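# Topology and contacts: notes
Chain by chain, the residues run as shown.
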Amino acid sequence: VKTWLLVFRISEEDKGFGPIFEEQPINTIYPEESLEGKVSLNCRARASPFPVYKWRMNNGDVDLTSDRYSMVGGNLVINNPDKQKDAGIYYCLASNNYGMVRSTEATLSFGYLDPFPPEERPEVRVKEGKGMVLLCDPPYHFPDDLSYRWLLNEFPVFITMDKRRFVSQTNGNLYIANVEASDKGNYSCFVSSPSITKSVFSKFIPLIPIPERTTKPYPADIVVQFKDVYALMGQNVTLECFALGNPVPDIRWRKVLEPMPSTAEISTSGAVLKIFNIQLEDEGIYECEAENIRGKDKHQARIYVQAFPEWVEHINDTEVDIGSDLYWPCVATGKPIPTIRWLKNGYAYHKGELRLYDVTFENAGMYQCIAENTYGAIYANAELKILALAPTFEMNPMKKKILAAKGGRVIIECKPKAAPKPKFSWSKGTEWLVNSSRILIWEDGSLEINNITRNDGGIYTCFAENNRGKANSTGTLVITDPTRIILAPINADITVGENATMQCAASFDPTLDLTFVWSFNGYVIDFNKENIHYQRNFMLDSNGELLIRNAQLKHAGRYTCTAQTIVDNSSASADLVVRGPPGPPGGLRIEDIRATSAALTWSRGSDNHSPISKYTIQTKTILSDDWKDAKTDPPIIEGNMEAARAVDLIPWMEYEFRVVATNTLGRGEPSIPSNRIKTDGAAPNVAPSDVGGGGGRNRELTITWAPLSREYHYGNNFGYIVAFKPFDGEEWKKVTVTNPDTGRYVHKDETMSPSTAFQVKVKAFNNKGDGPYSLVAVINSAQDAPSEAPTEVGVKVLSSSEISVHWEHVLEKIVESYQIRYWAAHDKEEAANRVQVTSQEYSARLENLLPDTQYFIEVGACNSAGCGPPSDMIEAFTKKAPPSQPPRIISSVRSGSRYIITWDHVVALSNESTVTGYKVLYRPDGQHDGKLYSTHKHSIEVPIPRDGEYVVEVRAHSDGGDGVVSQVKISGNTCEFLDPVDSQG
């Protein structure tokens, strides 16, 4: 009785609940050398009423009355922790009058890192070029999460790892692939424990490389080998592999017979493979291979990926009626597969699947399902409440008014709260109802009435009774007119792009609201999203007409109109046929591929309700991105055919094919393109065009032609055969040109007379044979280069950077141009610059020369065969550079209708030309042209601008050219000094 009262109060009034953990203890490492003097294990639960906490260690109660322990809320604080007394497994118990739950287990460990032994470490002597290992041999420690580095000579100089040097994070050893003289020094292993934030280092080890006259190479030898690894899914896994060898071996990684995981990363040196967030599919054999010029070495090991338990289905707070049965599923996955065990109120209760039969109040309490495997455990907590109460409709009374349509069906729900489950009975007015052909009382208490008539209207009462008591609830059933489709949609047949109308009208009870819902192939049409093609006619009452605009093939199908009220509904359907161009053919296959043809087969696609009249085969090559209609055999492919041959293809060309069907409504969508195929090769059948040539250097015959484009190669090993003979000769000389992209061949013959007529012709060839020759062309061999040198060569020095050169023409008619060669005295003649001018020119200007520099100059006559002998070499000196200092404008004074601009005299430096005067440019601001003045004075008068602003530029002038510009901006009102501008000329 006491238990029943407790649970009843919980169910009906209290709304209390058992403990729910919000914080649980976690594994903790306490540094033995810690000065803190205490350690805390946390535990916090939410419950109503508030929970009471207890702690257990190694399955024994923690004596909370001892001074060594204290509680802060649910947290256990251990004062002055002692390894011998306090190391162990702890868990927390939280309880109230609803039950007790047990926390996850947590281990309290004591961490330490002992110092290295004080003994000196012996020196290590190694021949240069040999590999070596310095052992770390870390001191005793816990936990085993050390990180390793090596000091060189002093702190904090640490070894930098590279392809030659490697520090293993597995054992701490330092590996050097081959020792160099630079490795000499004192080495110390530096060990850190992140768990207890402590570091220690060993005594220094002297390393002495022994010099060798020649270091001998030796093959790769893997000395750092990873072992089989068991990893938890989601963890990061690190594999180490390092090899000794001379030269330094290269290290490569792979996963045997499978691709490497996408999250794998290899260190810069190659010695470390990291796999981040490892997954089950990453399990397998991994291999590292070390190789140098002397040999290779391999090592393999397996990664096994395991998984921490994870819930598939877990328990939740549950209420069940007294006397009922309960199956409480609790399923977890993991690797290995987890086992399931249960706790009730903190104590062992059951293993495996939990089923409770004919539950009583004794079954109420706090349950915990624990899934555990080798790698850990997960807890699911839930409260089981047992309900026992008399029926009550207080929370869920019957509806006061229930509507039902005449001729239809109605279900009147009766859902009181009761435990155990009550028995139900019904009455209409004063008449008790029993099951019949029209009336059915369901097991859950609901009343079903079929084929409703007007006489079924009235007051209905549901009675519920169990061993705790009874209750009833009443509602009124109102009968309405049924909803009926009176104008149903009819089948329609249209063409793509046309509109279609689906009619729909209904009768319904006037006291209710009517709505229309349209669906297409079973899916409701959303008129807000699909308003482009679907529209409703809202102008007609009681009418749900649907308009389909610009119908497409995808709109063909079954349309259903549903007229509905809150009481009932009625539906009618019709089919829409949309005729259009055919769909894409399928199953395209290419067979019997030859040089200029290929056989195609396909399967018929949808004709979209209009018979297919013909098919078109289209092709695409690497020469173009456009699809083109192919010639076929037969020329017209009838609509009932599913095979044809593409003809007049280009030999040795890559093709893609597709097929398009056509009917009276147009050309349809193309098939999916075929895989790319290549036609067989054939001998060329096109001759090169534009055969010609001539010119060139002395004793040369230059033959040119237009290279054939790729589409005319027709096969591998494509090239050209060039044939030529003297105009009156009989025997053709033939030369093979293997470059398919060239269009030029030069034949050299020292016995060849200049300007001799030759007949030439060219043909193409490939691995299948030769093509036809081109038309014969007549060309001339190269003429001789000029034999005379220009005379009367002279120069005029124009400035510090320009010289003008002039000469007399040679008398030979074969001259096509003149070439001027010039170079500075401090340069070699081979570095000479060249200027080429036509044969009509008598002079040329040399520009961008160095100031105050001696130049050598010579002139030669040239034609296509080359240049003749040069003229006599002459010398010329450029003038000194113009002044580098700008004139300093000292005033700009307005005087009547003019401005007077005054500047300081510019004094040239010793390596600059003497100032001979000044140039003044008066121009509108923003324009380059203006009026140019020259003066020997230090001032000038310019008119006041009438409109806008003007710029006055002043520069010193010398034999070496113009110097740097100074500027002043003037207007009708003001003047403004501007920064100097370097504008030599």
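Everything quoted here is computed from the prediction, not taken from an experiment.

What follows concerns the overall build of the protein. Looking only at helices and strands, the protein has two helices and 92 strands in total. Since a compact globule built from 985 residues should have a radius of gyration of about 30 Å, the 51 Å found for the protein marks it as more spread out than a globular shape. A principal-axis box enclosing the C-alpha atoms of the protein has dimensions of 140 × 100 × 90 Å. Burial statistics for the protein: of 985 residues in total, 45% are counted as buried. Between the mean site of the 102 positive side-chain charges and the mean site of the 123 negative ones, the protein shows a separation of 3 Å.

This next bit is on the state of the cysteines. Following the criterion strictly, the structure yields seven disulfides and no others. With a sulfur-sulfur separation of 1.8 Å, Cys241 is cross-linked through a disulfide to Cys288. Of note, the bridge from Cys241 to Cys288 carries an S-S torsion of about 50 degrees and is right-handed in sense. Taken together, the residues Cys241 in the loop between strand 24 (237-240) and strand 25 (242-246) and Cys288 in strand 29 (residues 284-292) connect sequence positions 47 residues apart. The burial state of Cys241 is the same as that of Cys288; both residues are buried. Covalently, Cys862 is tied to Cys867 through a disulfide, its sulfur atoms 1.9 Å apart. One disulfide, between Cys862 and Cys867, carries an S-S torsion of 95 degrees and so falls in the right-handed class. With relative accessibility at 2%, the residue Cys862 sits in the buried group. Residue classification places Cys867 among the partly exposed positions, given a relative accessible area of 38%.

In this sheet, strand 47 (residues 458-466) lies alongside strand 43 (residues 423-428) in antiparallel orientation, the contact comprising six bridges. Bridge assignment links Trp426 to a residue of strand 47, and that residue is Cys462. Judged from the nine bridges that link them, strand 47 and strand 48 (residues 469-480) form a sheet pairing that is antiparallel. Bridge assignment links Thr461 to a residue of strand 48, and that residue is Thr474. Between strand 47 and strand 48, which follow one another and run antiparallel, lie two residues.

Bringing the nonpolar core into the picture now. Counting 29 residues, the largest nonpolar core has Phe226, Leu239, Phe242, Trp253 and Ile303 as its most contacted members. Those elements that place two or more of their residues in this core are strand 22 (218-224), strand 23 (229-232), strand 24, strand 25, strand 26 (250-255), strand 28 (272-275), strand 29 and strand 30 (295-313). It is strand 22 that contributes the most residues to this core, four residues altogether. Discounting chain neighbours no more than four positions away, the residues touching Ile303 are Val229, Val237, Leu239, Ile275, Ile278, Glu283, Gly284 and Tyr286.

Throughout the structure, instances matching the rule amount to 49 salt bridges. Between Glu443 and Lys421 there is a salt bridge whose closest N-O contact spans 3.4 Å. Within this pair, whereas Glu443 is found in the loop between strand 45 (439-441) and strand 46 (447-449), its partner Lys421 is found in the loop between strand 42 (417-419) and strand 43, the two being separated by 22 residues in sequence. Two residues, Lys763 and Asp770, come together in a salt bridge whose shortest N-O distance is 3.3 Å. The class of Asp770 is partly exposed, set by a relative accessible area of 42%. What you see here is one network of salt bridges that share partners, running through Arg252, Glu289, Glu291, Lys296 and Lys298.

Geometrically, the link from Asn246 to Pro247 is a cis peptide bond, its omega value of 0 degrees lying close to zero. Relative to the helices and strands, Pro247 resides in the loop between strand 25 and strand 26. With an omega of 0 degrees, the peptide bond running from Ala419 to Pro420 counts as cis. Of note, Pro420 is situated in the loop between strand 42 and strand 43. The phi dihedral of Asp690 is positive, around 55 degrees, even though this residue is not glycine. Structurally, the position occupied by Asp690 is in strand 69 (residues 689-693).

Turning to a nonpolar patch on the surface, a few remarks are in order. A cluster of nonpolar side chains, Ile411, Leu440 and Trp442, forms an exposed patch at the surface whose accessible area comes to about 220 Å². As for its placement among the helices and strands, Ile411 is situated in strand 41 (residues 410-412).

This part takes up the UniProt feature "domain: Ig-like" (unreviewed entry) in the protein. UniProt's entry tags residues 19-109, 115-201, 219-304, 309-385, 391-478 and 482-579 with the feature "domain: Ig-like" (unreviewed entry), counted in the numbering of this structure. Between the C-alpha atoms that bound residues 19-109 the distance is 28 Å, and the span itself is 4% helix and 57% strand. Structurally, residues 309-385 is divided into 0% helix and 65% strand, and its ends, taken at the C-alpha atoms, are 28 Å apart.

Here we come to the sheet that holds strand 56 (residues 546-548). Taken in spatial order, the three strands line up as 51-56-55 in an open sheet, and their pairing is antiparallel. Here the strands that pair on one side only, and so sit at the sheet edges, are strand 51 (500-502) and strand 55 (534-536). On average, each strand axis in the sheet is inclined to that of its neighbour by 25 degrees, with strand direction left out of account.

For the rest of this paragraph, the subject is the side chain of Ser193. For Ser193, the location among the structural elements is in strand 19 (residues 185-193). Looking at Ser193, the relative accessible area reads 2%, which means it is buried. Not counting chain neighbours up to four residues away, the residues in contact with Ser193 comprise Leu113, Asp145, Leu146 and Lys198.

This part covers the confidence of the model for the protein. Looking at the protein as a whole, its pLDDT mean stands at 89, while 97% of the residues score no less than 70. In the model of the protein, helix 1 (residues 2-14) stands out as the element of lowest mean pLDDT, 38, in contrast to strand 60 (residues 598-603), which has the highest, 96. Scored below 50 in pLDDT, residues 1-13 shows 22 contacts in the model against residues more than four places distant or in partner chains.

Per the UniProt record, the feature "domain: Fibronectin type-III" (unreviewed entry) sits at residues 584-682, 687-784, 789-884 and 885-977. Span residues 584-682 is 0% helix and 52% strand, its end C-alpha atoms 34 Å apart. Between the end C-alpha atoms of residues 789-884 the distance is 41 Å, and the span holds 0% helix and 49% strand.

The subject of this paragraph is the sheet that holds strand 13 (residues 132-134). In spatial order, the strands read 13-18-17; together these three strands make up an open sheet with antiparallel pairing. Each edge of the open sheet is held by one strand with a lone partner, namely strand 13 and strand 17 (165-167). Each adjacent strand pair in this sheet contributes to an overall mean axis angle of 15 degrees, direction not counted. In the sheet, strand 13 pairs with strand 18 (residues 174-176) via three bridges, with the strands oriented antiparallel. Paired with Met132 across the bridge in strand 18 is Ile176.

The side-chain alternation of strand 73 (residues 744-748) yields one buried face, formed by Tyr745 and His747, and one unburied face, formed by Arg744, Val746 and Lys748. Here five bridges tie strand 70 (residues 700-706) to strand 73, and the two strands are oriented antiparallel to one another. What sits directly across from Thr702, in strand 73, is Val746.

Next up on the list: the side chain of Gln783. Along the chain, Gln783 turns up in the loop between strand 76 (777-780) and strand 77 (791-797). For Gln783, the side chain forms a polar contact with the side chain of Glu816, separated by 3.2 Å. Ignoring sequence-local partners within four residues, the contact set of Gln783 consists of Asn698, Pro754, Ser755, Ile814, Glu816, Asn863, Ser864 and Ala865.

With a probe scaled to a water molecule rolled over the atoms, the places where space remains empty come into view. Roughly 520 Å³ of volume is contained in the largest pocket. Forming the walls of the largest pocket are 19 residues, and the residues nearest its centre are Ser168, Gln169, Thr170, Asn171 and Glu240. Within the residue set of the lining of the largest pocket, elements represented by two or more residues are strand 22 and strand 24. When residues in the lining of the largest pocket are grouped by element, the largest group, three residues, is from strand 24. Residues that form the lining of the largest pocket fall into these classes: eight nonpolar, six polar and five charged. Quantified by volume, the second largest pocket comes out at close to 260 Å³. Along its surface, the second largest pocket is lined by 16 residues, and Thr619, Thr621, Lys628, Ile650 and Tyr655 are the ones closest to its centre.

Definitions and cut-offs
Residues numbered from 1 in each chain as written. Predicted model: local features only at pLDDT ≥ 70, side-chain atom pairs only at ≥ 80, totals over all residues. Heavy atoms only, no water. Helix = DSSP H or I, 4+ residues; strand = E, 2+ residues; numbered from the N terminus. Rg over C-alpha atoms; globule rule 2.2 N^0.38 Å. Buried < 20%, exposed > 50% of the residue type's maximum accessible area, 1.4 Å probe, protein only. Lys, Arg positive; Asp, Glu negative; His and termini not counted. Charge placed at Lys NZ, Arg CZ, Asp CG, Glu CD. Disulfide = S-S within 2.5 Å. Pairing = 2+ DSSP bridges. Core = buried A, V, L, I, M, F, W, Y, C linked by side-chain atoms within 4.5 Å. Contact = heavy atoms within 4.5 Å. Salt bridge = Lys/Arg side-chain N within 4 Å of Asp/Glu carboxyl O. Patch = residues over 30% accessible without salt bridge, like charges linked within 9 Å, V, L, I, M, F, W, Y side chains within 5 Å. Areas by Shrake-Rupley, 256 points an atom, 1.4 Å probe, with all protein chains shown as cover. UniProt positions renumbered as here; feature names shortened; annotations may be inferred. Axes fitted to C-alpha atoms, helices over the stretch in contact; angles between N-to-C directions. pLDDT = per-residue confidence, 0-100. Polar contact = N/O pair within 3.5 Å; in protein donor to acceptor, adjacent residues only side chain to side chain. 1 Å grid on protein atoms, 1.4 Å probe; cavity = no way out; pocket = protein on both sides within 12 Å on 5 of 7 lines; lining within 4 Å. Points joined across faces, edges and corners; volume = space filled by probe spheres on them. Nonpolar A, V, L, I, M, F, W, Y, C, P; charged D, E, K, R; others polar.

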